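Residues per chain, in single letters:
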Number of protein chains: 2
Amino acid sequence: MKVFIGLVHFPVLNRRGERICSAVTNLDIHDIARAAVTYGADGFFIITPSAEQQDLAGRVISHWMEGLGGQFNPDRKRAFSTVRIAADISEAVKGVESMACQQPVLLATSARKIAGCISWENFEKRVYKNEFKCILLLFGTASGLHQECLDRCDGVICPICAGTDYNHLSVRSAVAIVLDRISRFRRQ
Amino acid sequence: MKVFIGLVHFPVLNRRGERICSAVTNLDIHDIARAAVTYGADGFFIITPSAEQQDLAGRVISHWMEGLGGQFNPDRKRAFSTVRIAADISEAVKGVESMACQQPVLLATSARKIAGCISWENFEKRVYKNEFKCILLLFGTASGLHQECLDRCDGVICPICAGTDYNHLSVRSAVAIVLDRISRFRRQ
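Since we're looking at a predicted model, the values are computed, not measured.

Asks: I'm lost on the interface of chain A and chain B in this one. Help?
Replies: Size of an interface, as often reported, equals the accessible area lost when the parts are brought together. Every contact between the two is made by 35 residues of chain A and, on the other side, 35 residues of chain B. At the boundary of chain A with chain B, total buried surface from both sides reaches about 3200 Å², with 47% on carbon and sulfur atoms. Of all residues in chain A, the largest losses of buried area upon contact with chain B belong to Arg 15, Thr 38 and Tyr 166 of chain A, amounting jointly to 22% of the total for that side. Our enumeration of links across chain A and chain B arrives at 6 salt bridges. Two residues, Arg 78 of chain B and Asp 165 of chain A, come together in a salt bridge whose shortest N-O distance is 2.6 Å. On the surface where chain A and chain B come into contact, there are 20 residue pairs in polar contact (both at pLDDT 80 or more). Going through the elements one at a time, α1 (26-38), α4 (74-80) and α8 (171-187) of chain A are the ones with two or more residues in the side of chain A that touches chain B. When residues of the side of chain A that touches chain B are assigned to their parent elements, the largest contribution, 9 residues, is made by α8 of chain A. Residue composition of the side of chain A that touches chain B, by class: 14 nonpolar, 9 polar and 12 charged.

What follows is the structure, given as structure tokens:
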């Protein structure tokens, strides 16, 4: 199964549930790229329609791919080699299609329980049975993916169950946990 | 099983393998505190002997516990309620003892394979059998825990196995993954 990650900055929700475009966060790129390469993910898309934010992300990537960053830390350069920029989810899907030669199953993640979401047990079985050939996992920044994003996905995975009533992981932590779980599902 | 986390800033290694004291990173505190509360961990110690760095960490904690931060984001305030500052590992152990009324088993984590490290399979069995009543998990910042830290621990858990030759997770990601795995071991 090919695994791609999409970090969505628009349309996402703010704390008041309003539709916003969030800012690209430098450490998101680093942490998620490092986790992606550690778990052998096939690509990581930073999704934002903002030209300025795309430029910012592009400069960060260049620093590590072509600039002094990569000379100083080749491991980080390797992590950044997975990072791509996409204006929207459709562009990320096209990117996956060109890299994986197939259409990805589009799966959203959410910290909120969405009606009809795919349980982790069910997701585990489907990954184990190799039902998914290629997935693009969408993670929302800020307070999570807007309903528009959820609506266009093939499925939404249930929140990470942790046995408490607190569910406010950073998106960086959430990506790491999801990749670790998928890695286990594939091995079992 | 009570679970405590210690984020060690001294003595740790830099990229050249030298013994250093690393700087406290704001986002480490946020991400690890959020993961700790999500997974019901019992406390999170920021371990640094530097008075200036303790002061910095203390100001960040105050902002969220007593200042405007907590008013703006009560969820974050709840996460920060788990955070303590300790000058060294001994002080963190004493802190655990006073909070948990028992001595913790001191377990180090490492991205490097250490001779005699506890495999994840073995750790899983021991957690499942409730062999550990209370653990303090140490995570190293920078390029990881110095040998001195490893030597004083009761055990070192093997690196997070992810099936690739790349093993450069951020400490934020590593803590999230370890807490998620432990949560699963306890439930199974």
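Asks: How should the sheet that holds strand β6 (residues 105-109) of chain A be read in this particular structure?
Replies: Strand pairing in a sheet relies on backbone hydrogen bonds. The paired strands run either parallel or antiparallel. Residues and elements named next belong to chain A. An order of β5-β4-β1-β7-β6-β8 is seen for the 6 strands of this open sheet, with the pairing classed as parallel. Strand pairing shows two members of the sheet lacking a second neighbour, β5 (83-86) and β8 (155-157), which therefore form its edges. Strand after strand, the sheet turns through a mean of 30 degrees between neighbouring axes, direction not considered. With 4 bridges joining them, β6 and strand β7 (residues 134-140) adopt parallel strand pairing. Across the sheet, residue Val 105 finds its bridge partner in β7, namely Ile 135. The strands that α1 touches are β1 (2-8), β4 (43-47) and β5; relative to β4, the one it contacts most, it runs at about 160 degrees. Against the sheet, helix α2 (residues 51-65) makes contact with β4 and β5, and its axis sits at roughly 165 degrees relative to β5, the strand it touches most.

Asks: Even after reading the chapter, I still don't get the pattern of salt bridges, so can you show me in this structure?
Replies: Note that side chains of opposite charge can pair when their charged atoms are close. Counted by the stated rule, this structure contains 16 salt bridges over all chains. A salt bridge links Arg 126 of chain B to Glu 131 of chain B; the shortest N-O distance between them is 2.9 Å. One connected set of salt bridges, linked through shared partners, spans Asp 28 and Arg 172 of chain A together with Asp 31 of chain B.

Asks: I would appreciate a short explanation of the state of the cysteines in the present structure.
Replies: In protein chemistry, a disulfide is the covalent bond that joins the sulfur atoms of two cysteines. All names here are of chain A. For the structure on display, the rule yields 2 disulfides over all chains. Note on cysteine connectivity: Cys 117 is disulfide-linked to Cys 158, with sulfurs 2.4 Å apart. Its S-S torsion of about 85 degrees marks the bond between Cys 117 and Cys 158 as right-handed, since a negative value means left-handed. Of this pair, Cys 117 sits in the loop between β6 and α6 (120-128) while Cys 158 sits in the loop between β8 and α8, and the two are 41 residues apart along the sequence. With a relative accessible area of 8%, Cys 158 lands in the buried category. No disulfide involves Cys 101; its sulfur sits 9.8 Å from the nearest other cysteine sulfur, which is in Cys 134.

Asks: Would you mind showing me how to read empty space enclosed by the protein here?
Replies: A probe matching the size of a water molecule, rolled over the atoms, marks out where space remains unfilled. Residue and element names in this part refer to chain A. Taken as a whole and judged by the stated rule, the model has 1 cavity of 30 Å³ or more. Approximately 30 Å³ is the volume found for the largest cavity. Every residue lining the largest cavity is listed: Val 3, Tyr 39, Leu 179, Ile 182, Ser 183 and Arg 186. Among the elements that take part in the lining of the largest cavity, α8 stands out by supplying 4 residues, more than any other. Its residues assigned to classes, the lining of the largest cavity comprises 4 nonpolar, 1 polar and 1 charged.

What counts and how
Residues numbered from 1 in each chain as written. Chains lettered and ligands numbered in written order. Predicted model: local features only at pLDDT ≥ 70, side-chain atom pairs only at ≥ 80, totals over all residues. Heavy atoms only, no water. Contact = heavy atoms within 4.5 Å. Buried area = accessible area lost by both parts, 1.4 Å probe. Salt bridge = Lys/Arg side-chain N within 4 Å of Asp/Glu carboxyl O. Polar contact = N/O pair within 3.5 Å; in protein donor to acceptor, adjacent residues only side chain to side chain. Helix = DSSP H or I, 4+ residues; strand = E, 2+ residues; numbered from the N terminus. Nonpolar A, V, L, I, M, F, W, Y, C, P; charged D, E, K, R; others polar. Pairing = 2+ DSSP bridges. Axes fitted to C-alpha atoms, helices over the stretch in contact; angles between N-to-C directions. Disulfide = S-S within 2.5 Å. Buried < 20%, exposed > 50% of the residue type's maximum accessible area, 1.4 Å probe, protein only. 1 Å grid on protein atoms, 1.4 Å probe; cavity = no way out; pocket = protein on both sides within 12 Å on 5 of 7 lines; lining within 4 Å. Points joined across faces, edges and corners; volume = space filled by probe spheres on them.

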